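Below are the chains, spelled out letter by letter.
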Amino acid sequence: MTKKLTAIILSLLIMLICSAAYADASLDAQADKAQVSAGDTVTVTITLKGDKLAAAEGSFAYDTSLLSFEEAEGGAGDGYISMVSLSKGGESSLSARITFKALAEGNAEVAFSITKILNYSGKELGAAEQKASVTILPGPEPTPTPEPTATPEVTATPEVTEVPTAEPTEEPTAEPTA
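Values in this document were obtained by computation on a predicted structure and should not be read as measured data. (Residues numbered from 1 in each chain as written. Predicted model: local features only at pLDDT ≥ 70, side-chain atom pairs only at ≥ 80, totals over all residues. Heavy atoms only, no water.)

1. Let's talk about the pattern of salt bridges
So the rule is basically this: Each salt bridge in this description consists of a side-chain nitrogen of Lys or Arg and a carboxyl oxygen of Asp or Glu lying within 4 Å of one another. Only runs of H or I of at least four residues qualify as helices and only runs of E of at least two qualify as strands under DSSP, and these elements are numbered from the N terminus. Relative accessibility thresholds used throughout: buried, under 20% of the residue-type maximum; exposed, over 50%; partly exposed, between the two (1.4 Å probe, protein chains only).
Across all of its chains, the model carries 3 salt bridges by this definition. A salt bridge links K131 to E109, with the nearest nitrogen and oxygen atoms 3.7 Å apart. Here the residue K131 occupies a position in strand β8 (residues 124-137), and E109 occupies one in strand β7 (residues 106-119), the gap between them amounting to 22 residues. By relative accessible area, E109 is classed as partly exposed at 39%.

2. Some details on the packing of aromatic side chains
Filter applied, for reference: Pairs were defined over the aromatic rings of Phe, Tyr and Trp, the Trp ring being its six-membered one, requiring ring centres within 6.5 Å. Orientation was assigned from the angle between planes: stacked under 30 degrees, edge-to-face over 60, tilted for the rest.
Within the structure shown, the criterion is met by 4 aromatic pairs. Measuring from ring centre to ring centre gives 5.5 Å for F60 and F112, while their planes differ by 40°; the resulting arrangement is tilted. A residue pair is termed long-range when its members are at least 10 positions apart, and F60 in strand β3 (residues 41-62) and F112 in strand β7 qualify at 52 residues. Relative accessible area serves as the criterion here: at 5%, F60 is assigned to the buried category. Joined through ring pairs, the aromatic side chains of F60, Y62, F100 and F112 make up one cluster.

Structure (structure tokens):
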């Protein structure tokens, strides 16, 4: 019985230590707008917080039928994240911004997964995951394009052609008699 209890306590301690290693950094993801209309843009900012952060890399995924990647800054591209601190001693946070265009009505989610986080001394701080959501409303109704009116067809006007008529022939006339 004592061996089982010791094994359980030891297992719990190991799990606690392992989870603490992954709690050295936290990730936040926020969309600048909770709702947008189809055709609008939405910017998602991710912020990794920790002690003396030097670098982080990972990826993100989204539904391409609802969102289209437009641009990014801070070490992000279409589907990947690679943030680096340029400060001696590291930073307390690293951030990146990704802008998307809303394509269609629906609930869009962007899922971020930071798989490698390093502090300034090279210690691996684990991994972090987070999601950001935005509701996409239908876009404005497109203004109908007026149908062009048909242009009347030009028909050729018949030309008058002169039909030659028979020329009168001179016939001798009878001379009057007295």
